[in-house]
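What follows is each chain in one-letter form.
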Amino acid sequence: MGTIAILGSLDTKGPDYAFIKDLIEKRGHETLVIDTSVIGEPAFAPDVERSQVAEAGGSSIEELQRQEDRGRAMEVMSAGAARVVRELYDRGRFDGIISMAGSGGTSVATAGMRELPVGVPKVMVSTVAAGDVGPYVGTRDIAMIPSVVDVAGLNQVSRQIYANAAGAICGMVETEPPEAEEKPLIAASMFGNTTPAVDRAKATMEEHGYEVLVFHATGTGGRTMEALIEDGYIDGVLDITTTEWADEVCGGVFSAGPTRLEAAAKTGTPQVVVPGCIDMANFWAIETVPERYQDRNLYKWNPNVTLLRTNVEENAEMGLMFAERLNEASGPVAVFVPLQGVSMLDSEGEPFWNPEADRAFLDTLKHNLREGIPVYEMDHNVNDPAFVDAVSSKLLEFLGRA
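Notes on the structure follow. (Residues numbered from 1 in each chain as written. Predicted model: local features only at pLDDT ≥ 70, side-chain atom pairs only at ≥ 80, totals over all residues. Heavy atoms only, no water.)

**Section: the overall build of the protein**
Then, in step 1: Of regular secondary structure, the protein possesses 14 helices and 14 strands.
Then, in step 2: Burial analysis of the protein (402 residues in total) assigns 52% to the buried set.
Then, in step 3: Partitioning the intrachain contacts of the protein with sequence separation of at least 6 by distance along the chain shows that 71% fall at a separation of at least 24.
Then, in step 4: For the protein, the accessible surface area stands at approximately 17500 Å², while carbon and sulfur atoms represent 48% of it.
Then, in step 5: Computed over 32 positive and 61 negative side-chain charges, the inter-centroid distance for the protein is 4 Å. (Helix = DSSP H or I, 4+ residues; strand = E, 2+ residues; numbered from the N terminus. Buried < 20%, exposed > 50% of the residue type's maximum accessible area, 1.4 Å probe, protein only. Contact = heavy atoms within 4.5 Å. Areas by Shrake-Rupley, 256 points an atom, 1.4 Å probe, with all protein chains shown as cover. Lys, Arg positive; Asp, Glu negative; His and termini not counted. Charge placed at Lys NZ, Arg CZ, Asp CG, Glu CD.)

Given below as structure tokens:
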């Protein structure tokens with residue numbers, strides 16, 4: 001059996017944590033309790049005291065108590081939890097982690113959970129689990145369980161929720177994934193408009209002995225891909241769908257933030273980059289599209305998603321951004337540009353066909369890209385087999401498998 005870390009505030013929520021601790025230990029697991037409380041007294045003695053967490057966060061528990069500044073305390077304990085949790089895991093002290101809290105405690109606990117590698121069991125019982133959990137989960141596999149009632153003592157509802165959560169974390173720790181051949185990993189970015197391209201590239205890489213992880217370029221997908229590259233999981237990158245930059249530039253709903261394209265450059269991971277779907281920024285239903293875009297070329301992809309065709313200025317801006325990030329690459333990198341359109345909708349006769357806008361991206365990219373990074377211009381659409389095969393072949397060449 002394994003050891004499960006229990007992370008949270010042991011003052012007002014002590015009975016809740018004692019209950020979870022007892023349930024886990026009855027399953028035969030050991031526990032490692034980490035206290036993140038600031039005021040009051042712990043309901044029982046933890047294995048890692050709050051003073052250690054505060055110190056790891058750059059302060060002392062006495063100073064935080066004197067200041068009586070909740071915001072400052074949350075900041076320090078979040079930083080401390082992140083450091084303590086990671087150090088304990090690296091020392092082999094636990095196999096999975098669980099916490100229960102309201103919004104503030106969830107912020108502290110998930111700061112620690114986000115420091116753990118993908119695959120380490122993580123369960124967060126939270127009052128905010130039924131809302132937008134993106135800021136809490138980030139790019140990690142944190143299982144969020146709605147607490148239904150507040151995390152403020154035991155009752156008929158909370159006992160059942162906690163029992164389910166305890167069963168979940170114990171089951172995760174007890175379960176070993178089935179054995180499978182470990183293959184080198186390729187990360188690929190995909191959208192509906194580039195699915196044929198990525199499916200073909202994936203098949204090619206698999207034929208050469210690679211396993212391909214496909215990330216949907218919806219903001220979270222791009223951030224997760226970047227995080228896994230930075231963590232060293234990925235051997236090569238087929239960045240065929242860089243549409244998240246269009247959302248970053250236009251204020252769309254699928255932005256992956258300004259660090260997109262940076263991880264492979266920093267780590268030296270071989271990468272082949274395509275401006276796939278940069279012709280479109282994404283918004284929700286058409287009535288949510290900002291007023292400044294209402295007279296632009298809009299396409300109703302489905303009842304909940306509206307696409308905005310990027311213009312010359314926006315494509316030029318993206319060309320500069322791509323160049324700035326790829327110029328930092330310490331490993332092999334190449335750019336492939338399909339001259340007959342960067343998506344299904346961006347092909348002759350289709351709603352987003354706009355060669356002038358596409359050319360603005362290409363010209364700006366080439367003007368600002370440092371010497372030594374090749375740009376391959378091909379007279380194909382992004383989904384044409386010949387284009388996809390050229391992209392795949394280049395990455396295989398970088399990886400020594402061509």
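Still more ground to cover, so stick around.
**Quick word on the side chain of Arg325**
Then, in step 1: Mapped onto the elements, Arg325 comes out in helix α12 (residues 312-326).
Then, in step 2: A polar side-chain atom of Arg325 sits 3.1 Å from the main-chain carbonyl oxygen of Pro258.
Then, in step 3: In contact with Arg325, other than residues within four places in its own chain, are Trp245, Pro258, Arg260, Leu261, Glu262 and Ala265. (Polar contact = N/O pair within 3.5 Å; in protein donor to acceptor, adjacent residues only side chain to side chain.)

**Side note on the pairing of strand β6 (residues 185-190)**
Then, in step 1: Of all the six residues making up β6, six are buried; the element is thus mostly covered by neighbouring parts of the structure.
Then, in step 2: Of the two faces of β6, the one lined by Leu185, Ala187 and Ser189 and the one lined by Ile186, Ala188 and Met190 are each fully buried.
Then, in step 3: Pairing of β6 with strand β7 (residues 211-216) involves six bridges; the strand directions are parallel. Within the sheet, the bridge partner assigned to Leu185 lies in β7 and is Glu211.
Then, in step 4: With helix α8 (residues 195-207) bridging β6 and the parallel β7, this β-α-β connection has right-handed handedness.
Then, in step 5: By the bridge criterion, three bridges tie β6 to strand β8 (residues 236-241) in an arrangement that is parallel. Bridging across to β8, Ala188 finds its partner in Leu238. (Pairing = 2+ DSSP bridges. Right-handed = clockwise from strand over helix to strand, strands pointing away.)

**As for helix α13 (residues 355-368)**
Then, in step 1: Helix length check: α13, at 14 residues, gives a terminal C-alpha distance of 20 Å against a target of 20 Å (1.5 Å per residue), a fit within 8%.
Then, in step 2: Those residues of α13 not exposed but buried are Ala357, Asp358, Ala360, Phe361, Leu362, Thr364 and Leu365. (Expected span 1.5 Å × (residues − 1).)

**Re the sheet that holds strand β5 (residues 143-146)**
Then, in step 1: Taken in spatial order, the five strands make up an open sheet running β2-β1-β3-β4-β5, and their pairing is parallel. The open sheet is flanked by β2 (30-35) and β5, the only strands paired with a single partner. Between one strand axis and the next, the sheet turns through 20° on average, direction left out of account.
Then, in step 2: Direction of pairing for strand β3 (residues 96-101) relative to strand β4 (residues 122-126): parallel, over a ladder of five bridges. Bridge pairing links Ile97 to Lys122 in β4.
Then, in step 3: In the packing of helix α1 (residues 14-26) onto the sheet, the strands contacted are β1 (3-8), β2 and β3, and the crossing angle to β1 comes to about 175°. (Axes fitted to C-alpha atoms, helices over the stretch in contact; angles between N-to-C directions.)

**Describing the side chain of Thr110**
Then, in step 1: Structurally, the position occupied by Thr110 is in helix α5 (residues 103-113).
Then, in step 2: At 2.6 Å, the side chain of Thr110 forms a polar contact with the backbone oxygen of Thr106.
Then, in step 3: Contact partners of Thr110, with chain neighbours within four places excluded, come to Met124, Tyr136 and Ile142.

**So, the sheet that holds strand β11 (residues 298-302)**
Then, in step 1: Across the sheet, which stays open at both edges, the three strands sit in the order β10-β12-β11 with antiparallel pairing between neighbours. Two strands in the sheet have a free side with no partner beyond their single neighbour: β10 (280-283) and β11. Strand-to-strand twist in this sheet, taken as the mean axis angle between neighbours without regard to direction, amounts to 30°.
Then, in step 2: Here four bridges tie β11 to strand β12 (residues 305-309), and the two strands are oriented antiparallel to one another. Bridged to Lys300 within β12 is Thr306.

**Some thoughts on unusual backbone geometry**
Then, in step 1: The phi dihedral of Glu68 is positive, around 50°, even though this residue is not glycine.
Then, in step 2: When you line up the elements, Glu68 lands in the loop between α3 (61-67) and α4 (70-90).
Then, in step 3: A relative accessible area of 71% places Glu68 in the exposed class.
Then, in step 4: With a phi angle near 85°, Leu261 is a residue other than glycine that sits in the positive phi range.
Then, in step 5: Position of Leu261 relative to the elements: it lies in the loop between α10 (244-250) and α11 (262-267).

**Description of the nonpolar core**
Then, in step 1: Among the nonpolar cores identified, the biggest contains 32 residues, and Ile34, Met77, Phe94 and Ile97 are the most heavily contacted of them.
Then, in step 2: At the level of secondary structure, the elements contributing two or more residues to this core comprise β1, β2, α2 (50-56), α3, α4, β3, α5 and α6 (134-137).
Then, in step 3: Looking at this core, the element that brings in the most residues is α4, giving seven residues.
Then, in step 4: Ignoring sequence-local partners within four residues, the contact set of Ile34 consists of Ala5, Ile6, Leu7, Gly8, Val48, Val53, Val84, Val85 and Leu88.
Then, in step 5: Core analysis: the second largest hydrophobic core is formed by 28 residues, Ala265, Ala329, Val342 and Leu365 among them. (Core = buried A, V, L, I, M, F, W, Y, C linked by side-chain atoms within 4.5 Å.)

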